[in-house]
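# Notes for the structure review
If you want the building blocks of each chain, they are given just below.
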Amino acid sequence: MVAQAIVEDAKKQSEAKKREAILEAKDEVYRLRQEADRDIKERRSEVLRLERRLLQKDETLDKKIEQLERRDDQLSRKEADLSKLKERAEELVQKQRSELERVAGLTHEEARTLLLSNIEQEIRHEASLMIREVESEAREEADKRAREIITIAIQRCAADHSAETTVSVVELPNDEMKGRIIGREGRNIRALETLTGVDLIIDDTPEAVVLSGFDPVRREVARIALERLIADGRIHPARIEEVVEKAQKEVEQRIREEGERAVFDVGLHSLNGELVKLLGRLRYRTSYGQNVLKHSLEVAHLAGAMAAELGVDIHVAKRAGLLHDIGKALDHEVEGPHVAIGADMAKKYREHPAVVHAIAAHHGDVDPQSIEAMLVAAADAISAARPGARRESLENYIKRLQKLEEIGSSFDGVDKVYAIQAGREIRIVVKPERIDDLAAMRVARDISKRIENELEYPGQIKVTVIRETRAVELAK
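Predicted, not measured: the structure shown is a model, and the values here were computed from it.

### Notes on the pairing of strand S6 (residues 414-420)
Within S6, five of the seven residues are buried, which leaves it mostly tucked inside the rest of the structure. The pairing of S6 with strand S7 (residues 425-430) spans six bridges and is antiparallel. Of the residues in S7, the one forming a bridge with Ala419 is Ile426.

### With respect to the pattern of salt bridges
Two side chains bearing opposite charge may form a pair once their charged atoms approach each other closely. One pass over the full model with this rule turns up 26 salt bridges. Ionic pairing is found between Glu250 and Arg254, a salt bridge with its closest N-O pair at 2.8 Å. Separated by four residues within a single helix, Glu250 and Arg254 lie in helix H7 (residues 237-266), roughly one turn from each other. Residues participating in the shared-partner salt-bridge network are Glu220, Arg223, Glu227, Arg228, Glu250 and Arg254.

### Quick look at the pairing of S7
Taken across its six residues, S7 has six buried, putting it largely inside the fold. As paired strands, S7 and strand S8 (residues 462-467) are joined by six bridges and run parallel to one another. Within S8, the position partnered with Ile428 by the bridge is Val465.

### Some remarks on a negative patch on the surface
A surface patch of negative charge is lined by Asp58, Glu59, Asp62, Glu66, Glu69, Asp72 and Asp73. Positionally, Glu66 belongs in helix H1 (residues 2-104). Overall, Glu66 belongs to the partly exposed group, its relative accessible area being 44%.

### Section: the nonpolar core
By size, the foremost hydrophobic cluster in this structure holds 41 residues, and its most contacted members are Leu279, Leu322 and Leu323. Of all the elements in the fold, those that place two or more residues in this core are H7, helix H8 (273-281), helix H9 (292-310), helix H10 (314-323), helix H11 (338-348), helix H12 (353-361) and helix H13 (371-385). For this core, the element with the highest residue contribution is H9, accounting for seven residues. Listed in part, the 27 residues of the second largest apolar core include Met177, Leu195, Ile235 and Val244.

### Brief notes about the environment of Ile428
Tracing the backbone shows Ile428 in strand S7. Ile428 gets classed as buried once you look at its relative accessible area, which sits at 0%. Note: C-alpha distance between Ile428 and Ala440 (12 residues apart in sequence) is 9.5 Å.

Basis of the calculations
- Residues numbered from 1 in each chain as written.
- Predicted model: local features only at pLDDT ≥ 70, side-chain atom pairs only at ≥ 80, totals over all residues.
- Heavy atoms only, no water.
- Buried < 20%, exposed > 50% of the residue type's maximum accessible area, 1.4 Å probe, protein only.
- Helix = DSSP H or I, 4+ residues; strand = E, 2+ residues; numbered from the N terminus.
- Pairing = 2+ DSSP bridges.
- Salt bridge = Lys/Arg side-chain N within 4 Å of Asp/Glu carboxyl O.
- Patch = residues over 30% accessible without salt bridge, like charges linked within 9 Å, V, L, I, M, F, W, Y side chains within 5 Å.
- Areas by Shrake-Rupley, 256 points an atom, 1.4 Å probe, with all protein chains shown as cover.
- Lys, Arg positive; Asp, Glu negative; His and termini not counted.
- Charge placed at Lys NZ, Arg CZ, Asp CG, Glu CD.
- Core = buried A, V, L, I, M, F, W, Y, C linked by side-chain atoms within 4.5 Å.

As structure tokens, this is what we get:
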């Protein structure tokens, strides 16, 4: 019985353990199934995400393909339009050529042959002239010494009465500074001459550099710039350009101050600012060797004094006397006589009609209609007739230099023009984007021809065309 009980008890325990094992197995199966389901869900969601990305990429690719197809269609249409335009242009060129051939009565080849023939004849003519000049120099060798003596005599005579208006002297701390001013291969002196339009004469004169130029404003700019460069010690093209720009601004300020001082000296008020600046520019302008600003002040005082004696309008007389030569500040920029230019400027800046009339009538171009106009004309004649006030030869010299610059500026593509070496050389700076090297040679030749036809001058004039290209970038 005991054994049976033990067996029964063992069976019960084995059954219990079996049930526990079955439950544990079921729990494990359930856990594994849950993990499998979770893993399946994650994989399914990943697959769905990848499918969505693939669909989006497919849509994007479809859109890009559509855009490329549209762009290809546009390019095809543009290419067709360009082909049509090209054909049309070729038709127009052919039609124009045919019309030119019809009008000229020459074919394209005939016109080309004729043009080359004319150019060849002209070059042969110039070569013949050069040969004739060389032969003439050889035959006239006996007279060479006489010409040199005459030239030296003329230069010495001209120096006394033109030096003060065409030459400035800059003192140097030592003669070593001359080499620094010239620079390596002459780049510094060349940059300074190009930027200012003034000729620098560096010779054996101890501790001095001579600035030569007919335009006093340019010469003053060059003098100030050179003095500052010498004081600073840094002399190179970039620094020269910077200092010249500052000197130009300083001279402009001085011009305004000179104009304001002249207005104050005469006792006038409410003069337009532009007229004040033009008055200041007269400080650097001479007429027949006479300083125009001093002449204008003298005319204003004379006209005012005579007006006071006669009992007429002193204010109008002084104002017209001060402004009567205002056109000379612009006569090298604006076409026409200085009388008409001055009257137009006075009218533009709303001067009184009586003042405008007196300016227009002071040389008799217009019949004077008022006593003030007569007084201004008389005061102008008195100031000009003062002994030693004017020198005719210097004025003609200045006019010839101005005419040289006008001829150079009249050509298309010219940027700057400077007459230097007392009118024996003219330098033309052209715009490199509009004038190439061959065109520069053609411009020099055309300018020399025009100078020969329009001017009378002793000796010969050298025409130099400068074509300079600069590349500038900023490092930020």
